[in-house]
Amino acid sequence: MSKQLNIGLFGFGVVGESLYNVLLQTPTLNASITKVVIRDPRKRRSAPAALFSTDASEILNDESINVVVELIDDADAAFQIITTALLNGKAVVSANKKCIAEHLDELLLLQQQTGGALLYEAAACASIPVIRNLEEYYDNDLLQGIVGVVNGSTNFILTRMVEDDLTFKDALLLARQLGFAESDPSLDVDGIDALNKLAILLLHGYGIVTEPGLLLHSGIRHITRSDISYAAEKGYRIKLVACAVKLKNGRIIALVLPQFVPRSSLLHNVNNEYNGVTIRSGLADEQFFYGKGAGGFPTASAVLSDLSALRYNYRYEYRKKFLQESSVLSQYGFLKVYVSFDSHITFPSDEFEWIEERHSGPGRNYITGVVSQKKLLQDDWWRQPGISLILSAEPFVEDIELRNVKRKSLQLAGVA
Ligand code: HSE
């Protein structure tokens, strides 16, 4: 017998309202919203006024409410709500990737201490059930890589810049109007939202808990029309890609960077607000998840699925972390990149391990070659305005390959 869910909902924005409407249409779920806590009582809302309150304790201290659904966009307030709800014996469903990614350790501990369930399928790739699949299906040893477009807004912006020739600013405005972007859109544009999602995927895929900000990342703010033209000439599309890939030494290289995506990649046709995640596993080879990664109903669908799972007392076991040997992050990878820069910039070419191509064009130059992940983590020359760094289509260079190439070039130069 599945249990009755009495829900206290925090937030009635795009996703909260969609969830409310969906629950009205799914009586078989045995779940109903008892109270909704909102910040601004003056806003007009499409639900009975008696449902709303501005007092969080009306949910958190109400013993008849057994599930808290947290759909607000303030990560600090969300953390307070989630922790209090768990301590008060309630199950929690959240879509707040920033809050979850920034507090993974504390939230894991609290679930262990309280025995309560915290589910957050909507926090990564909205409608795509990627967290539960990584958690349940893929055995750690077999998981070779998770590579995905996990932020709908930046993907929407890049698609509209290419297809409608929109400026970055106009495309961002449209993404905000359509409800895809965060209320602070720099989280999308600077790659932080994708990074938070990657941190969550690292935990469920590889058992790794990491502070998101320690991973190599950037966004799409500095991508220029000349980068887009370069990509188009080569048959590539530029996408903000999040990856966690197992290197030959068994360590995991994890990063969020713009990347040239070739036609042969399953991610090439992931456009607009869609997300796509490819999972490479030792036996099954490549598998592909595709779906809407932002927007009210797609996100509400993941929340609904978590609610449904709670009826059967589902909770994450964090198997890769607690029941298997966790993987370790690599800080010493090498990456093949394209770096373009305004022609007045004196470019630090000694930042490259080796250079494959240099090009000077009207107003804009570029270099392709190999850089060290560690150096990029330490330096910020590549984050400056007027410079864009884009991963090549096959970006990971193993240490051994690098040493071979360096040895050969020294031999050619007659040095070794
Ligand atoms: N701003 C997020 C995105 C919303 O664009 O992907 C969904 O997490």
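Keep in mind it's a predicted model, so treat the numbers as computed, not measured.

### Some details on the overall build of the protein
Next, step 1: A count of helices and strands for the protein gives 15 helices and 16 strands.
Next, step 2: For 416 residues, the compact-globule estimate of 2.2 N^0.38 gives 22 Å, and the protein sits close to it at 23 Å.
Next, step 3: If you line up the protein on its principal axes, its C-alpha atoms span 80 × 45 × 35 Å.
Next, step 4: Across the 416 residues of the protein, 55% fall into the buried class.
Next, step 5: Within the protein, residue pairs in contact and separated by at least 24 positions form 72% of the contacts whose partners lie at least 6 positions apart.

### Quick word on the domain arrangement of the protein
Next, step 1: The assigned domain composition of the protein is domain 1 (5-123), domain 2 (130-292 + 317-322) and domain 3 (334-412).
Next, step 2: A separation of 21 Å is found between the C-alpha centroids of domain 2 and domain 3.
Next, step 3: With 25 residues of domain 2 in contact, the opposing surface of domain 3 contributes 25 residues.
Next, step 4: Buried surface at the junction of domain 2 and domain 3, summed over both partners, amounts to about 2,100 Å²; 66% is from carbon and sulfur atoms.
Next, step 5: On the domain 2 side of the interface with domain 3, the three residues burying the most area are Leu216, His222 and Phe260, jointly 28% of the side's total.
Next, step 6: Between domain 2 and domain 3 we count zero salt bridges in total.
Next, step 7: Here domain 2 is connected to domain 3 by eight residue pairs in polar contact (both at pLDDT 80 or more).

### Comments concerning the environment of Asp188
Next, step 1: With respect to the element layout, Asp188 can be found in helix α9 (residues 186-189).
Next, step 2: Residue classification places Asp188 among the buried residues on the basis of a relative accessible area of 2%.
Next, step 3: Once the C-alpha coordinates of Asp188 and Gly152 are considered, the two residues, 36 residues apart in sequence, prove to be 8.5 Å apart.
Next, step 4: Within the local environment of Asp188, its side chain forms a polar contact with the side chain of Asn151, the two groups lying 2.8 Å apart.

### What to know about the packing of aromatic side chains
Next, step 1: Summed over all chains, the structure comprises 16 aromatic pairs.
Next, step 2: With a centroid separation of 6.0 Å and an interplanar angle of 85 degrees, the aromatic rings of Tyr314 and Tyr316 are classed as edge-to-face.
Next, step 3: Grouping aromatic residues by their ring pairs yields a cluster made of Tyr120, Tyr314, Tyr316, Tyr318 and Phe322.
Next, step 4: The side chain of Arg45 reaches across the aromatic face of Phe52, ending 5.6 Å from its centre.
Next, step 5: In this structure, Arg132 is placed above the aromatic ring of Tyr314, and the distance from its NZ or CZ to the ring centre is 5.4 Å.

### Focus: the side chain of Ser392
Next, step 1: Relative to the assigned elements, Ser392 resides in strand β16 (residues 387-397).
Next, step 2: What makes Ser392 buried here is its relative accessible area of 15%.
Next, step 3: With near-sequence residues (within four places) excluded, Ser392 lies in contact with Gln259, Phe260, Lys336 and Val337.

### Some points on the environment of Leu240
Next, step 1: As for its placement among the helices and strands, Leu240 is situated in strand β9 (residues 236-246).
Next, step 2: Taking the C-alpha atoms as reference, Leu240 lies 7.6 Å from Asn151; in sequence the two are 89 residues apart.

### What to know about the site of the ligand
Next, step 1: All residues adjacent to the ligand are Lys97, Asn151, Gly152, Ser153, Phe180, Ala181, Glu182, Asp188, Asp193, Lys197, Gly293 and Ala294.
Next, step 2: Measuring from an oxygen atom of the ligand, one finds a side-chain N or O atom of Asn151 at 3.5 Å.
Next, step 3: For the ligand, a nitrogen atom lies 2.8 Å from a polar atom in the backbone of Phe180.
Next, step 4: Contact with the protein chains hides 93% of the accessible area of the ligand, taken as 250 Å² for the molecule alone.
Next, step 5: Within the residue set of the shell around the ligand, elements represented by two or more residues are α7 (152-163) and α10 (192-206).
Next, step 6: Considered class by class, the residues forming the shell around the ligand number three nonpolar, four polar and five charged.

Conventions we followed
- Residues numbered from 1 in each chain as written.
- Predicted model: local features only at pLDDT ≥ 70, side-chain atom pairs only at ≥ 80, totals over all residues.
- Heavy atoms only, no water.
- Helix = DSSP H or I, 4+ residues; strand = E, 2+ residues; numbered from the N terminus.
- Rg over C-alpha atoms; globule rule 2.2 N^0.38 Å.
- Buried < 20%, exposed > 50% of the residue type's maximum accessible area, 1.4 Å probe, protein only.
- Contact = heavy atoms within 4.5 Å.
- Domains from an automatic or database assignment.
- Buried area = accessible area lost by both parts, 1.4 Å probe.
- Salt bridge = Lys/Arg side-chain N within 4 Å of Asp/Glu carboxyl O.
- Polar contact = N/O pair within 3.5 Å; in protein donor to acceptor, adjacent residues only side chain to side chain.
- Phe/Tyr/Trp six-rings, centres within 6.5 Å; stacked < 30°, edge-to-face > 60°.
- Lys NZ or Arg CZ within 6 Å of the ring centre and 35° of its normal.
- Near = heavy atom within 4 Å.
- Areas by Shrake-Rupley, 256 points an atom, 1.4 Å probe, with all protein chains shown as cover.
- Nonpolar A, V, L, I, M, F, W, Y, C, P; charged D, E, K, R; others polar.

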